[in-house]
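Below are the chains, spelled out letter by letter.
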Number of protein chains: 2
Amino acid sequence: MTKLEKYVKMVVNVGVNIQPGQKLMIRCPVDCAYFARMAMEEAYKAGAEDVMIQWMDEKSARINYLLAPDSNFGKDTQWEKERVKYLVDEGYNMLSVSASDPEILKGVDPERIQKNQKAGSLMMKPLMDKVSSSQVQWTIASVPTEAWARKVFSDASSVEKAMEMMWDAIYAASRVDDNDPVDNWNAHVANLQSKVEALMGHNFEYLRFKNALGTDFTMRLPQGHIWLACGEKAATGNVFIANIPTEEVFTTPHRTGTNGIVYATKPLVYMGDLIEDFWLKFVDGRVVESGAGRNRHLLEKLLTTHENADYLGEVALVPHDSPISQSGILWYNTLYDENASCHLALGRAYATTVQGTEGKSEEELNAMGVNQSLTHEDFMIGSADLEIIGVTYDGKEVPVFVNGNYAI
Amino acid sequence: MTKLEKYVKMVVNVGVNIQPGQKLMIRCPVDCAYFARMAMEEAYKAGAEDVMIQWMDEKSARINYLLAPDSNFGKDTQWEKERVKYLVDEGYNMLSVSASDPEILKGVDPERIQKNQKAGSLMMKPLMDKVSSSQVQWTIASVPTEAWARKVFSDASSVEKAMEMMWDAIYAASRVDDNDPVDNWNAHVANLQSKVEALMGHNFEYLRFKNALGTDFTMRLPQGHIWLACGEKAATGNVFIANIPTEEVFTTPHRTGTNGIVYATKPLVYMGDLIEDFWLKFVDGRVVESGAGRNRHLLEKLLTTHENADYLGEVALVPHDSPISQSGILWYNTLYDENASCHLALGRAYATTVQGTEGKSEEELNAMGVNQSLTHEDFMIGSADLEIIGVTYDGKEVPVFVNGNYAI
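Residues numbered from 1 in each chain as written. Chains lettered and ligands numbered in written order. Predicted model: local features only at pLDDT ≥ 70, side-chain atom pairs only at ≥ 80, totals over all residues. Heavy atoms only, no water.

Colleague: What's the story with the overall build of chain A in this structure? I'm lost.
Modeller: A tally of helices and strands in chain A yields 12 helices and 19 strands. Evaluated residue by residue, chain A yields a buried proportion of 60% over its 408 residues. Looking at chain A alone, contacts between residues at least 24 apart form 75% of all its contacts between residues at least 6 apart. Summed over its atoms, the accessible surface of chain A is roughly 15,700 Å², and 47% of this surface lies on carbon and sulfur atoms. (Helix = DSSP H or I, 4+ residues; strand = E, 2+ residues; numbered from the N terminus. Buried < 20%, exposed > 50% of the residue type's maximum accessible area, 1.4 Å probe, protein only. Contact = heavy atoms within 4.5 Å. Areas by Shrake-Rupley, 256 points an atom, 1.4 Å probe, with all protein chains shown as cover.)

Colleague: Would you explain empty space enclosed by the protein in this entry?
Modeller: Residues and elements named next belong to chain A. Summed over the entire model, instances satisfying the criterion amount to 3 cavities of 30 Å³ or more. Approximately 40 Å³ is the volume found for the largest cavity. Lining the largest cavity we find Pro-267, Leu-268, Val-269, Tyr-332, Asn-333, Thr-334, Asp-337 and Met-380. Elements with a contribution of two residues or more to the lining of the largest cavity: β11 (268-270) and α11 (334-337). A per-class count over the lining of the largest cavity returns 5 nonpolar, 2 polar and 1 charged. (1 Å grid on protein atoms, 1.4 Å probe; cavity = no way out; pocket = protein on both sides within 12 Å on 5 of 7 lines; lining within 4 Å. Points joined across faces, edges and corners; volume = space filled by probe spheres on them. Nonpolar A, V, L, I, M, F, W, Y, C, P; charged D, E, K, R; others polar.)

Colleague: Whenever I open this one, the layout of surface pockets confuses me. Can you help?
Modeller: Regions of empty space are outlined by a rolling probe, equal in size to a water molecule, passed over the atoms. Residues and elements named next belong to chain A. There is about 490 Å³ of room inside the second largest pocket. Every residue lining the second largest pocket is counted, 23 residues in all, and those nearest its centre are Ser-133, Ala-351, Thr-352, Thr-357 and Glu-358. Elements that contribute at least two residues to the lining of the second largest pocket include exactly α5 (110-132) and α12 (362-367). Per element, the largest residue contribution to the lining of the second largest pocket is 3 residues, and it comes from α5.

Colleague: When you look at the relation of the copies chain A and chain B in this model, what are you seeing that I'm missing?
Modeller: Both copies of the chain are placed relative to one another by a rotation about an axis and a shift along it. Between chain A and chain B, the superposition needs a rotation of 180 degrees and an axial shift of 0.0 Å, giving an RMSD of 0.0 Å. Classification of the inter-copy transformation places it as that of a two-fold axis. By residue overlap, the copies meet face to face through one surface: 100% of the interface positions of chain A are interface positions in chain B. (Least-squares fit on C-alpha atoms with pLDDT ≥ 70 in both.)

Colleague: Help me out: how do you make sense of the pairing of strand β17 (residues 387-391) of chain B in this one?
Modeller: Each regular strand shows side chains that alternate between the opposite faces of the sheet. Residues and elements named next belong to chain B. Alignment of strand β5 (residues 206-210) against β17, held across 5 bridges, turns out to be antiparallel. Paired with Lys-210 across the strands is Glu-387, a residue of β17. Linking β17 back to strand β18 (residues 397-402) in an antiparallel pair, the connection comprises 5 residues, with Gly-395 at a positive phi of about 85 degrees. (Pairing = 2+ DSSP bridges.)

Colleague: What should I look at first to understand unusual backbone geometry in this one?
Modeller: Cis geometry is found at the peptide bond from A:Ile244 to A:Pro245, where omega equals 0 degrees. Along the chain, A:Pro245 turns up in the loop between β8 (239-240) and β9 (249-251). In this structure, B:Tyr332 is a non-glycine residue whose phi angle is positive, near 55 degrees. Along the chain, B:Tyr332 falls in the loop between α10 (323-326) and α11 (334-337). Its relative accessible area of 18% is what places B:Tyr332 among the buried residues.

Colleague: Teacher, can you tell me more about the nonpolar core here?
Modeller: Note on soluble globular proteins: their nonpolar side chains tend to be buried together. A:Tyr7, A:Ile26, A:Phe379, B:Tyr7, B:Ile26 and B:Phe379 are the most contacted members of the largest nonpolar core, which totals 209 residues. Sequence-distant contacts of B:Ile26, that is, excluding residues within four places in its chain, are made with B:Ala36, B:Ala39, B:Met40, B:Val51, B:Met52, B:Ile53, B:Gln54 and B:Leu95. Listed in part, the 44 residues of the second largest apolar core include A:Tyr86, A:Met94, B:Leu228 and B:Ala316. (Core = buried A, V, L, I, M, F, W, Y, C linked by side-chain atoms within 4.5 Å.)

Colleague: Is there a simple way to think about the interface of chain A and chain B in this case?
Modeller: When the parts come together, some accessible area is lost, and that loss is often what is quoted as the size of the interface. Counting from both sides, the interface comprises 32 residues of chain A and, opposite them, 32 residues of chain B. Carbon and sulfur atoms supply 65% of the area buried between chain A and chain B, which totals about 2,700 Å² over both sides. The largest contributions to the chain A side of the interface with chain B come from A:Arg37, A:Tyr44 and A:Trp79, which together make up 25% of the buried area. Our count for the contact surface shared by chain A and chain B stands at 6 salt bridges. For B:Asp57, the salt bridge goes to A:Arg37, with nearest N and O atoms at 2.7 Å. (Buried area = accessible area lost by both parts, 1.4 Å probe. Salt bridge = Lys/Arg side-chain N within 4 Å of Asp/Glu carboxyl O.)

Colleague: Got a minute to help me understand the sheet that holds strand β16 (residues 376-380) of chain A in this structure?
Modeller: Within a sheet, each strand pairs with its neighbour through backbone hydrogen bonds, oriented either parallel or antiparallel. Residues and elements named next belong to chain A. Strand order in the open sheet formed by 4 strands is β9-β14-β15-β16, with antiparallel pairing between adjacent strands. Among the strands making up the open sheet, the edge pair consists of β9 and β16. Strand-to-strand, the axes of this sheet are offset by a mean angle of 20 degrees, without reference to chain direction. Sheet analysis places strand β15 (residues 343-347) next to β16, joined by 5 bridges and oriented antiparallel. By the bridge assignment for β16, His-343 is matched with Met-380. (Axes fitted to C-alpha atoms, helices over the stretch in contact; angles between N-to-C directions.)

Colleague: Explain the packing of helix α3 (residues 58-67) of chain B against helix α5 (residues 110-132) of chain B to me, please; I cannot follow it from the model alone.
Modeller: How two helices pack is summed up by the angle between their axes together with the distance between the axes. Residues and elements named next belong to chain B. It is the contact of α3 with α5, at a shortest axis distance of 10 Å, that shows an interaxial angle of 120 degrees. Our classification of the angle between α3 and α5 gives oblique. Along this stretch, α3 crosses α5, giving a crossing that reads as right-handed. Contacts between α3 and α5 involve Asn-64, Tyr-65 and Leu-66 from the first element and Arg-112, Ile-113 and Asn-116 from the second. Grouping the amino acids of the contact of α3 with α5 by side-chain chemistry returns 3 nonpolar, 2 polar and 1 charged. (Parallel < 35°, antiparallel > 145°, perpendicular 65-115°, else oblique. Left-handed = near helix turned anticlockwise from the far one by under 90°.)

Colleague: Which parts of the structure should I look at to understand the sheet that holds strand β4 (residues 138-142) of chain B?
Modeller: Residue and element names in this part refer to chain B. A sheet is described by the order of its strands in space; here 4 strands give the open sequence β2-β1-β3-β4, paired in parallel fashion. The sheet is open, and its two borders are formed by β2 (50-56) and β4, each paired with just one other strand. Averaged over all adjacent pairs, the angle separating strand axes in this sheet is 15 degrees, with direction ignored.

Colleague: Quick question: what am I supposed to make of the packing of aromatic side chains here?
Modeller: Working definition: an aromatic ring pair is given by the centre-to-centre distance plus the angle between the planes. Evaluated as defined, the whole model comprises 27 aromatic pairs over all chains. On the basis of an interplanar angle of 75 degrees and a centroid distance of 5.9 Å, the ring pair of A:Tyr7 and A:Tyr171 is categorised as edge-to-face. Separated by 164 residues along the polypeptide, A:Tyr7 in helix α1 (residues 3-15) and A:Tyr171 in helix α7 (residues 159-173) bring together distant segments of the chain. This pair shows no difference in class: A:Tyr7 is buried, exactly as A:Tyr171 is. Put simply, the rings of A:Tyr7, A:Phe35, A:Trp167 and A:Tyr171 touch in pairs and so form one group of aromatic residues. It is B:Lys195 that lies over the ring of B:Tyr406; its NZ or CZ is 4.7 Å from the centre. A cation over a ring is seen here: B:Arg255 above B:Tyr311, with NZ or CZ 4.1 Å from the ring centre. (Phe/Tyr/Trp six-rings, centres within 6.5 Å; stacked < 30°, edge-to-face > 60°. Lys NZ or Arg CZ within 6 Å of the ring centre and 35° of its normal.)

Colleague: Explain the pairing of β5(B) here, please?
Modeller: Residue and element names in this part refer to chain B. Side chains of β5 alternate between two faces, with Leu-207 and Phe-209 buried and Tyr-206, Arg-208 and Lys-210 left unburied. Two strands pair when backbone bridges link them, and β5 and strand β6 (residues 216-220) are joined in this way by 5 bridges, in the antiparallel orientation. Looking at the pairing, Phe-209 lines up with Phe-217 of β6.

Colleague: For this particular structure, what's the right way to read α1(A)?
Modeller: Residues spaced three or four apart along an α-helix face the same direction, because each turn holds 3.6 residues. Listed as buried for α1(A) are A:Leu4, A:Lys6, A:Tyr7, A:Val8, A:Met10, A:Val11, A:Val12, A:Val14 and A:Gly15. Downstream of α1(A) by a residue or two, A:Asn17 has a phi angle that is positive, lying close to 55 degrees.

Rendered as structure tokens:
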């Protein structure tokens, strides 16, 4: 079996973990059609009842952004709403292929992107609600594309060489090697779960973050917060791995409980361009000041496009010595970069990270400290010298991270 | 400008002839994504208000046919009906890219294909009604794919060579050469229109077909029949070329007016396989007997899948010395093969080929002799020795074709 075949099998059978009689939706760029077809075949072999492919194409999206008239943006159509309703009603599980050219939307009018993203997020909301509350099994995994590989491996002698290096890096990060990837993933899940247990055991009231770059903030965690790692059980009863690769252990901050300043440690791909060297200052959970070395206007867009995008919805721990981090590769892709670094997310919190959220309205969730928003945007804050101190309800201080790695 | 760029420009600006403020839907296989993107760009440059791409993929369709459970076939969904309604209501014009592997569905259970085609045709009917009555502008054009090129140029030394030969053949057939393709097409349209005028001038009651292969039948034409060739004016007021390439001059037989036997002169690609050496015997317009040297069961499917698929809906004249015919290439693709040969079609007649059809119901159209069906399947009957005699209402006999070419 080739590594590619192993990877596809792992994504379908461990990642989204498709079971007999289940339905699967594959969202895949047209340039990676071979991957979608292999995954479809694998899902049927696992007993899937139906596999649909939704084709994506960022290259024609770019042409549309550059050449279509203004009237073309921010539209929603009844048929697209019906499609989302169909996927929700029929309980489709989701496999998303993340394979973007990080700079595909460079030079595009951000107003246009903003309008489309807003309309798209609203339209997709019923589906995203099901996904973010783990009502269905879902996975995001990556496949190299030429533009992406060239950006990441810009020193490679040819685009073929860059693609080869990218595949090797993806296999390594995804634990596809000479062993059975199922065994590899079982061991990895067990290791992350041991961190979850330690963090849950302390039931911290606060976390304090500090490093030499200037990051210095305190974050209150909601009462009844839950630390999670990969290997979650969906409402379907089946365990799935939401992100491949994954190194993170995460929960949500209380939406009004963060105070202080944080410096990003990696560029953020946003609207097809890079926001670099940026910082955010929080007062009672809300961003009150911010700055960026490059594309500050995009950072402003990010904070203002959707309601509550200026509050946090995730805090995730990733050791600086994790294999993806140690590879030293800057991926320009959240799926990979977030698994090389401690990170926060602006916007929506996963309802599964707090007890007692089931059946709660958006207003009630916000009141519980579980931030509700149409967006969820990760950004990286990990560094080799990051310190994280946990403070318990009885005032005990526990080192969680020392020098960028777990101390717990 | 490269020949590919010229070809794209011609397909968009002469073929579908997109005008400022119009909307365009491009149906394109994912394996030809570059072509869809080029056409999108060209349409926006021509002033299109919106360009949508509907991605097709016969390779994943094959996987679905082979591996999905029975429950998966013949379904229709509300969201797909809503999409069709949207395209109809918004007046989208259509560019379809025809690029099939002729044998992609080889070995697939014909029952499954039949179920899907039936459900698909019913779902698409509102859109196909608009297309076949020229309410919108539309074009079908081809782009080579590796499997198709290998089938057509099976002697080529490599797949790259086969693709190159295929492109050259497509450019030649589509009149893309060193001249301005718009001038080439204007001259071609004028030539075909001169044949239309001659045929209209005679207002034949009957046509009689005969050749040495055994073809021998008489065909009554409906009162008020109209001969058409490319360069039709849509209800939008704009002239379009429905097929690129096109060599045909066509009308519809009266649905109950054909008697005798016809022998096919080329294989017919149907359900992803080839029906070869087949014949049909008609009594009062209906097929009462048939046979085939290969895949006779598929011919049976063709005749029985949809109501009225066993009546004729088109008769088209193509001279044996037309350039596509003279190339000697067997294309295994109706768009090309039909333009190398006189042909008939089983199933739906174009309402535009008979006067006074506007606003008529299906029952009324059938009664007028304009056959109504969910299918329209061309098959080739031209040969080097084909004779066609036209018989006028006052009994005058006029040679229309002698030795496979126009005598009129």
